[in-house]
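# Overview (structure and organization)
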Amino acid sequence: MKDFLALADYTPQQLQAMLDRAVALKKEFQAGGNAPLLKGKTLAMIFQKPSLRTRVSFDMAMRHLGGDALYLSPAEIGLGKRESIADVARVVSGYVDAIMARVFDHEHVVELARWASIPVINGLSDYNHPCQAMADALTIYEEFGRLQGINVTFVGDGNNVAVSLMHACAKLGANFTIANPEGYDLPAAAVEQARQFAVESGATIRQLRDPHEAVREADVIYTDTWTSMGQEEEAEKRRKVFPPYQVNAALVAEARPHVIVMHCLPAHRGEEITDEVADGEHSRLFPQAHNRLHAQKGILAELLAD
Ligand code: CP
Ligand code: NVA
């Protein structure tokens, strides 16, 4: 029984196999189309929050591989409200071959996986975003030909996207640095895990306050929204704290000349990233978003292909 809830659950070798598969499936797709690896298989996609990339890329990934996907909106399921998570998991397990779920509370996706008799994929929780990190790793690999030894700097909130990016780097040998304001640190337990993974891969993990120090020597600068879904009531407060962490042209100029800029999107242009950077020569925002499709195929193939 395989789930995809966190990169921490996978060995570097397993993650590398998924990435290799994503690279191969992307090549095959661009050469004319994918073989129907998942013919007759169906993915139920349960969303408690909005989505563009995750929803469309999973849906299209299933179709390209000969399968099908079913979108279940927050209003339809009422996960844990209309019906218990345990009951939803057991019912849906009888209809489809896998579940992808985007939830508020990470425990809810863990609970789904506990009760489902089919694989469960985490499509973002308040704790992490492992599918995003696979697309990020693919994007970095395509740019530099490797992850090992690449300096990845996250500037902003120590949020769900940062947790998975840190674990991807730590597992695959990229050096991870975060610069975030006080009070917005990554969860300490996630950092501790990353340090353990890094011992094996040779990566370094750094937590700094100063974004300028953090981007020096960076090959990749990564940012994300200051206010994640579910934190809307903190938006005003966060808008006052985070401006020194904006990724703008001046900050990018302090990194290595070949630095690439990444963002999981959706972006709040003018806040965590300027238009000039998002649309500038260093930006890889759209190739990165497109790689969600290919990375997802790698994950689905590893979990579902016969
Ligand atoms: N990056 C990402 O997960 O985007 P969506 O919220 O649009 O799915
Ligand atoms: N950190 C953001 C990512 C969105 C894809 C959020 O959770 O809203």
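In what follows, the structure referred to is the one given above.
Below is a short write-up of the structure. (Residues numbered from 1 in each chain as written. Chains lettered and ligands numbered in written order. Predicted model: local features only at pLDDT ≥ 70, side-chain atom pairs only at ≥ 80, totals over all residues. Heavy atoms only, no water.)

With that settled, consider the site of ligand 1. Close contacts around ligand 1 come from Ser51, Leu52, Arg53, Thr54, Arg102, His129, Gln132, Cys264, Leu265 and Arg292, and that covers them all. Contact distances for ligand 1 include 2.6 Å between an oxygen atom and a backbone N or O atom of Leu52. Here ligand 1 has 260 Å² of accessible area as a free molecule, and 95% of this is covered by the chains. Within the shell around ligand 1, the residues separate by chemical class into three nonpolar, four polar and three charged. (Near = heavy atom within 4 Å. Polar contact = N/O pair within 3.5 Å; in protein donor to acceptor, adjacent residues only side chain to side chain. Areas by Shrake-Rupley, 256 points an atom, 1.4 Å probe, with all protein chains shown as cover. Nonpolar A, V, L, I, M, F, W, Y, C, P; charged D, E, K, R; others polar.)

Now for the packing of aromatic side chains. Counted under the stated rule, the structure contains six aromatic pairs. Taking 5.3 Å as the distance between ring centres and 65 degrees as the angle between the ring planes, the aromatic pair formed by Phe4 and Tyr10 counts as edge-to-face. The buried category is assigned to Phe4, whose relative accessible area is 0%. You can call Tyr10 buried: its relative accessible area is 9%. Taking the centre distance of 5.5 Å and the plane angle of 45 degrees together, the rings of Phe47 and Tyr71 count as tilted. Pair noted here: Phe47 is in strand β1 (residues 42-47) and Tyr71 is in strand β2 (residues 68-72), with a separation of 24 residues, a long-range link. Taken together, the aromatic side chains of Tyr184, Trp226, Phe242 and Tyr245 make up a single cluster linked through ring pairs. Note that Lys297 overlies the ring of Phe29, its terminal NZ or CZ placed 3.8 Å from the centroid. (Phe/Tyr/Trp six-rings, centres within 6.5 Å; stacked < 30°, edge-to-face > 60°. Buried < 20%, exposed > 50% of the residue type's maximum accessible area, 1.4 Å probe, protein only. Helix = DSSP H or I, 4+ residues; strand = E, 2+ residues; numbered from the N terminus. Lys NZ or Arg CZ within 6 Å of the ring centre and 35° of its normal.)

To continue, consider the sheet that holds strand β7 (residues 205-208). Reading across the sheet, the five strands line up as β7-β6-β5-β8-β9 and stay open at both edges, with parallel pairing between neighbours. Looking at which strands have only one partner, the edges of the open sheet turn out to be β7 and β9 (260-263). Averaged over all neighbouring strand pairs, the angle between strand axes comes to 20 degrees, with direction disregarded. Here strand β5 (residues 151-155) runs beside strand β6 (residues 175-179); their pairing, made up of five bridges, is parallel. Bridge assignment links Val152 to a residue of β6, and that residue is Phe176. (Pairing = 2+ DSSP bridges. Axes fitted to C-alpha atoms, helices over the stretch in contact; angles between N-to-C directions.)

Checked against the element boundaries, Ile77 lands in helix α3 (residues 74-77). Placed 112 residues apart in sequence, Ile77 and Ala189 show a C-alpha to C-alpha distance of 32 Å. Discounting chain neighbours no more than four positions away, the residues touching Ile77 are Ile46, Leu72, Arg82 and Val88. (Contact = heavy atoms within 4.5 Å.)

So, on to the pattern of salt bridges. Tallied over the entire structure, the rule returns 16 salt bridges. Its salt-bridge partner being Glu302, residue Arg21 comes within 3.1 Å of it at the nearest N-O pair. Placement of Arg21 in helix α1 (residues 12-30) and of Glu302 in helix α13 (residues 285-304) is noted, with a sequence separation of 281 residues between them. Owing to a relative accessible area of 27%, Arg21 belongs among the partly exposed residues under this scheme. (Salt bridge = Lys/Arg side-chain N within 4 Å of Asp/Glu carboxyl O.)

Relative to the 16 Å expected for 12 residues at 1.5 Å per residue, helix α2 (residues 53-64) spans 16 Å between its end C-alpha atoms, a close match to the ideal helical length. Looking only at α2, the buried set comprises Arg53, Thr54, Ser57, Phe58, Asp59, Ala61 and Met62. Where α2 is buried, its residues touch β1, β2, β3 (98-102), β4 (120-122), α6 (130-144) and α13. Of the residues one or two after α2, Gly66 is the one with positive phi, at around 90 degrees. (Expected span 1.5 Å × (residues − 1).)

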